[in-house]
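Observations on chain architecture
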Amino acid sequence: MTDAERVTPGSDPAPDADMATLARGGRLNVFGFVLRLAGMVPFLFIGGRIYGPAALGRFAYAVLTVEFVAQLAALGLRRGLAQQLANAKKPEVCIVADALLVAAIGSAVGMAILFIFPIAMYPDVRSPPHGLDRYLAAAVLAIAWADIALAALAYRHDVASTVRARSIVQPWTITIVALAWSYISLDDGLIVAYAISMIAALVAALIPLVRCYGIPHGWTPDLAGSWRTAVRNAPLAAADTVEWASRRVDLAVLGAFMPKEFVGIYYVAQQVATLPAKLKTSFEPVLGPAIARKVAANDRASVAKQVRQVTYWIIAAQLGIALALGIPGRAVMGLVGSGFTGGTAMLGFLLAAEVIAAAAVVSEAALIYVARKRNMLISLAMLAIEAGLAVVLILVMRDEGLPAAFQATGPAIGLCVALAFASVAKSWLLKTQLGAPVSGWRWDLAWAASAGVIVGAGVRYLLPQTLQLVIGVPAILAAFFAVLWSKGFGPEDRELFKLRKSEVQELREAEARDQVANDVV
């Protein structure tokens with residue numbers, strides 16, 4: 001990134017500067033989505049074909065526990081760091097160091113508990129922890145530190161590092177290690193691959209962090225200040241944990257009521273559905289600093305404009321991808337293995353849930369600055385609705401004698417309903433706080449979706465499964481975005497998709513620098 005492109009953190013840029021930064025971040029993250037897709041599909045293929053649904057289910061539950069502990073260990077700093085940097089009263093590098101210290105203390109406690117009580121990660125008595133299983137706990141620190149490092153880099157408008165760590169290093173590392181370890185042991189291969197991939201992503205985040213912020217010379221650990229930070233971030237940490245849990249409680253409920261084979265199938269559907277979700281979550285570190293500056297300047301109209309624009313971008317991208325992956329869903333799930341095609345309905349509901357969630361997630365990016373406690377209450381209500389509906393739907397379908405594959409869709413349906421509630425409630429709350437509309441919905445999305453459905457129907461009923469993937473997915477995307485581009489997009493919208501050669505070159509140069517640094521280390 002050149003000096004001319006960089007906006008100094010803490011300053012109040014020109015009215016269009018933040019929007020240009022958001023568009024640039026979005027372009028790089030669309031590119032990152034393609035890279036992540038290319039990395040995760042081979043992993044799912046290896047997991048399904050070589051390890052099988054049962055091993056994937058066991059792996060999924062263990063990762064669920066580790067990521068939950070990592071969320072608690074980060075103490076809300078993944079998103080709260082931007083506000084601390086915006087209001088900095090000491091060198092920014094020292095603030096980042098304090099944040100890493102807080103996360104390290106929290107991670108140490110979490111790792112110790114998981115290491116001593118590995119049954120929290122592996123509750124199935126038929127498959128107790130063995131071999132290297134308990135060492136998965138080490139991933140807690142790697143996840144928490146990587147999240148904080150990438151949040152600090154995003155504050156300096158370095159989105160490329162997030163794309164590189166999350167979309168290149170992590171998915172390709174887990175794929176390569178899972179394949180290599182399958183020749184050593186099928187028992188803990190997925191666990192080892194995940195732990196190594198998280199450590200690799202941490203290294204990919206720390207190298208540019210040190211390059212960007214430098215070494216904290218003269219910094220001394222501020223334990224009292226760190227504790228105050230932890231207390232102040234408690235509502236934000238709770239909101240972060242609840243938002244994370246909303247994407248995991250369905251898997252936890254499924255694991256409590258269904259065999260681990262169904263957990264494995266659901267995990268694959270969840271991974272496919274959350275690939276386009278990265279388009280949404282990767283906007284957070286770019287949107288957060290922009291909103292923090294506008295809130296500090298009391299420019300609430302600009303905050304509303306940013307929320308509307310980013311919500312529209314995310315809904316547009318996710319709706320198109322959801323149609324492209326959902327309509328030929330049986331072929332998508334069959335790519336992982338024939339035993340996974342029973343998860344087609346799960347995939348459809350999970351893809352719908354990600355589209356529904358867009359308004360809630362983007363609104364929350366602003367609510368954490370203007371109404372964080374009420375935002376937390378809405379998130380808690382959403383989580384209760386999701387968990388309650390998931391349990392009720394599974395039990396009702398079981399009492400009705402429906403097949404297990406039908407019962408396994410209960411958590412996904414509950415997720416859709418809960419996220420719909422959260423999107424409406426959080427959008428309404430943000431609208432009242434800002435005094436301006438924040439909805440990103442436009443009716444051109446309906447026209448584009450209709451075009452995608454029409455093409456998708458032909459793909460689904462006229463093409464064999466292989467061609468549904470090779471020809472059908474691009475055809476649905478082309479139909480959707482052609483209508484959206486011609487009928488809906490204005491100049492600001494089209495800016496998102498104007499990927500410049502300099503941005504791709506920047507990403508490649510950063511990769512080359514990191515490779516040199518790794519070679520030196």
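Description of the structure in this document. (Residues numbered from 1 in each chain as written. Predicted model: local features only at pLDDT ≥ 70, side-chain atom pairs only at ≥ 80, totals over all residues. Heavy atoms only, no water.)

1. What to know about the overall build of the protein
Across its full length, the protein holds 22 helices and 0 strands. Taken as a whole, the protein presents about 20,900 Å² of accessible surface, with 68% of it coming from carbon and sulfur. (Helix = DSSP H or I, 4+ residues; strand = E, 2+ residues; numbered from the N terminus. Areas by Shrake-Rupley, 256 points an atom, 1.4 Å probe, with all protein chains shown as cover.)

2. Focus: a nonpolar patch on the surface
A surface patch of nonpolar side chains, amounting to about 810 Å² of accessible area, comprises Val109, Ile113, Phe115, Ile116, Phe117, Ile119, Leu132 and Tyr135. With respect to the helices and strands, Tyr135 occurs in the loop between helix 4 (92-116) and helix 5 (139-155). (Patch = residues over 30% accessible without salt bridge, like charges linked within 9 Å, V, L, I, M, F, W, Y side chains within 5 Å. Salt bridge = Lys/Arg side-chain N within 4 Å of Asp/Glu carboxyl O.)

3. Remarks on the environment of Leu85
With respect to the helices and strands, Leu85 occurs in helix 3 (residues 77-86). Residue contacts for Leu85: discarding those within four places in its chain leaves Glu92, Ile95, Val96, Tyr155 and Tyr213. (Contact = heavy atoms within 4.5 Å.)

4. Overview of the nonpolar core
Counting 119 residues, the largest nonpolar core has Phe43, Phe59, Leu136 and Tyr194 as its most contacted members. In this structure Phe43 touches Phe59, Ile174, Thr175, Ala178, Leu190 and Tyr267, once residues within four positions along its chain are discounted. Core analysis: the next-biggest nonpolar cluster, separate from the first, contains 24 residues, Leu85, Cys94, Val102 and Ala152 among them. (Core = buried A, V, L, I, M, F, W, Y, C linked by side-chain atoms within 4.5 Å. Buried < 20%, exposed > 50% of the residue type's maximum accessible area, 1.4 Å probe, protein only.)

5. Side note on the packing of aromatic side chains
Inspection of the entire model under this criterion finds 6 aromatic pairs. Each ring, one from Phe115 and one from Tyr135, has its centre 5.5 Å from the other, and the planes form 65 degrees; the classification is edge-to-face. Highlighted residues: Phe115 in helix 4 and Tyr135 in the loop between helix 4 and helix 5, separated in sequence by 20 residues. Considering the side-chain rings of Trp441 and Trp443, the 5.7 Å spacing of their centres and the 85 degrees angle between planes classify their relative orientation as edge-to-face. The ring of Tyr312 carries the charged tip of Arg442 above its face, separated from the ring centre by 3.6 Å. One cation-aromatic arrangement involves Arg460 over Tyr461; the distance from NZ or CZ to the ring centre is 5.7 Å. (Phe/Tyr/Trp six-rings, centres within 6.5 Å; stacked < 30°, edge-to-face > 60°. Lys NZ or Arg CZ within 6 Å of the ring centre and 35° of its normal.)

6. So, the pattern of salt bridges
All told, the structure shown has 4 salt bridges when counted by the stated rule. Its salt-bridge partner being Arg58, residue Asp133 comes within 2.6 Å of it at the nearest N-O pair. Of this pair, Asp133 sits in the loop between helix 4 and helix 5 while Arg58 sits in helix 2 (residues 53-74), and the two are 75 residues apart along the sequence. Overall, the relative accessible area of 0% leaves Asp133 in the buried class. The partner of Glu364 in a salt bridge is Lys426, with the nearest N and O atoms 2.4 Å apart. In this pair, Glu364 sits in helix 15 (residues 344-370) while Lys426 sits in helix 18 (residues 410-434), placing the two residues 62 residues apart along the sequence. Look at Lys426 and you get buried, because its relative accessible area is 3%.

7. A few points about the packing of helix 13 (residues 300-326) against helix 18
How two helices pack is summed up by the angle between their axes together with the distance between the axes. Two elements in contact, helix 13 and helix 18, have axes whose closest approach is 9 Å; the angle formed by their N-to-C orientations is 155 degrees. Taken together, the axis directions place helix 13 and helix 18 in an arrangement best described as roughly antiparallel. Contacts between helix 13 and helix 18 involve Arg300, Val303, Ala304 and Val307 from the former and Leu430, Gln433 and Leu434 from the latter. When grouped by side-chain class, the residues that make up the contact of helix 13 with helix 18 number 5 nonpolar, 1 polar and 1 charged. (Axes fitted to C-alpha atoms, helices over the stretch in contact; angles between N-to-C directions. Parallel < 35°, antiparallel > 145°, perpendicular 65-115°, else oblique. Nonpolar A, V, L, I, M, F, W, Y, C, P; charged D, E, K, R; others polar.)

8. Let's talk about the environment of Val253
Relative to the elements of secondary structure, Val253 occurs in helix 10 (residues 249-257). In this structure the C-alpha to C-alpha distance between Val253 and Ala408, which are 155 residues apart in sequence, comes to 9.8 Å.

9. Details of the packing of helix 5 against helix 6 (residues 160-181)
Relative orientation of the contacting elements helix 5 and helix 6 amounts to 155 degrees, with a least axis distance of 9 Å. When the interaxial angle is binned, helix 5 and helix 6 end up roughly antiparallel. Along the contact surface, helix 5 presents Ile143, Ala146, Asp147, Leu150 and Leu153, while helix 6 presents Ser161, Thr162, Ala165 and Arg166. Looking at the contact of helix 5 with helix 6 residue by residue, the class counts come to 5 nonpolar, 2 polar and 2 charged.

10. Observations concerning the side chain of Gln271
Assignment of secondary structure puts Gln271 in helix 11 (residues 260-281). By relative accessible area, Gln271 is classed as buried at 17%.

11. Considering the environment of Ala144
Checked against the element boundaries, Ala144 lands in helix 5. Judged by relative accessible area, which is 1%, Ala144 ranks as buried. If we ignore the near neighbours within four places in the chain, the residues touching Ala144 are Ala70, Ala103 and Ser107.

12. Topic: helix 13
With 27 residues, helix 13 should cover 39 Å at 1.5 Å per step; its first-to-last C-alpha distance of 37 Å lies within 8% of that length. Buried residues dominate helix 13, accounting for 21 of its 27 residues. (Expected span 1.5 Å × (residues − 1).)

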